[in-house]
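A look at the structure
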Amino acid sequence: WDKNKNLFMAARDTIGIIPLYKGWGKDGSVCFASELKALHKLCHRYELFPPGHVYDSKSDERRLFYTPKWWDGDKVPTEDIELLTLREAFEHSVVSHMMSDV
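Residues numbered from 1 in each chain as written. Predicted model: local features only at pLDDT ≥ 70, side-chain atom pairs only at ≥ 80, totals over all residues. Heavy atoms only, no water.

Here's the deal with the sheet that holds strand β6 (residues 61-64)
We count it as follows: A pair of strands is considered paired only if DSSP assigns at least 2 bridges between the two. Runs of H or I in DSSP of at least four residues are treated as helices and runs of E of at least two as strands, each being numbered from the N terminus. As a rule, the C-alpha atoms of each element are fitted with a line to give its axis, helices using only the stretch in contact, and angles between N-to-C directions run from 0 to 180 degrees.
Spatial ordering of the open sheet is given by β1-β5-β6, a layout of three strands whose pairing is antiparallel. Edge positions in the sheet fall to β1 (9-11) and β6, since each has one partner strand and no second. Neighbour to neighbour, the strand axes of the sheet diverge by 20° on average, direction disregarded. Two elements, strand β5 (residues 53-56) and β6, share four bridges in a ladder whose sense is antiparallel. From the neighbouring strand, His53 faces β6, where its bridge partner is Leu64.

Shown next, in the form of structure tokens:
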């Protein structure tokens, strides 16, 4: 919250590893939470906030703030993938994200 500018901003990480949800209260309020269940009692409508975006309460708009270099299809790796290495990396990532970061 920026008291001088009377606004707040919310942003989601660039590739969407950590979830972020935006909700709207019946009174016109806007809420954000990393867990959807936190918005159920407060909001009548909610959505998944997209990765790499920032919300500005003053303009009530969201915009893309980051486009990763790998987003360009011309820069996608073309070498063969070692499937066992990919599986191990994927399993490691899943296990490490099973821990709560709250």
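Structural notes on the packing of aromatic side chains
Short version of the rule: Between 30 and 60 degrees the pair is tilted, below 30 it is stacked and above 60 it is edge-to-face, where a pair is any two Phe, Tyr or Trp rings, Trp via its six-membered ring, whose centres lie within 6.5 Å. Put simply, a charge is over a ring when the Lys NZ or the Arg CZ is close to the ring centre, within 6 Å, and near the line of the ring normal, within 35 degrees.
Summed over the entire model, instances satisfying the criterion amount to four aromatic pairs. With 5.3 Å between their ring centres and 50° between their planes, Phe32 and Tyr55 make a pair best called tilted. Residue Phe32 is located in strand β3 (residues 30-33), and its partner Tyr55 is located in strand β5; the two are separated by 23 residues in the primary sequence. Through successive ring pairs, a cluster of aromatic residues spans Phe8, Phe32, Phe49 and Tyr55. The ring of Trp24 carries Arg45 above its face, with NZ or CZ at 3.8 Å from the centroid.

Quick word on the nonpolar core
Most often, soluble globular proteins keep nonpolar side chains buried together rather than apart. Let me state the cut-off plainly: We define a nonpolar core as any set of buried Ala, Val, Leu, Ile, Met, Phe, Trp, Tyr and Cys residues linked to one another through side-chain atoms lying within 4.5 Å. The buried label applies to any residue whose accessible area, calculated with a 1.4 Å probe on protein chains only, is under 20% of its type's maximum; exposed applies above 50%, and partly exposed to all values in between. A contact between two residues is defined here by any heavy atoms of the two lying within 4.5 Å.
Membership of the largest hydrophobic core is limited to five residues, which are Tyr21, Cys31, Ala33, Leu39 and Cys43. If sequence neighbours within four positions are ignored, Cys43 has contacts with Gly23, Trp24, Gly25 and Cys31.

A word on unusual backbone geometry
Of note in the backbone geometry, Asn6 takes a positive phi value of approximately 55° without being a glycine. Inspection of the secondary structure puts Asn6 in the segment before β1. Of the residues examined, Asn6 reaches a relative accessible area of 46% and is grouped as partly exposed.

Read these as geometric descriptors, not functional statements.
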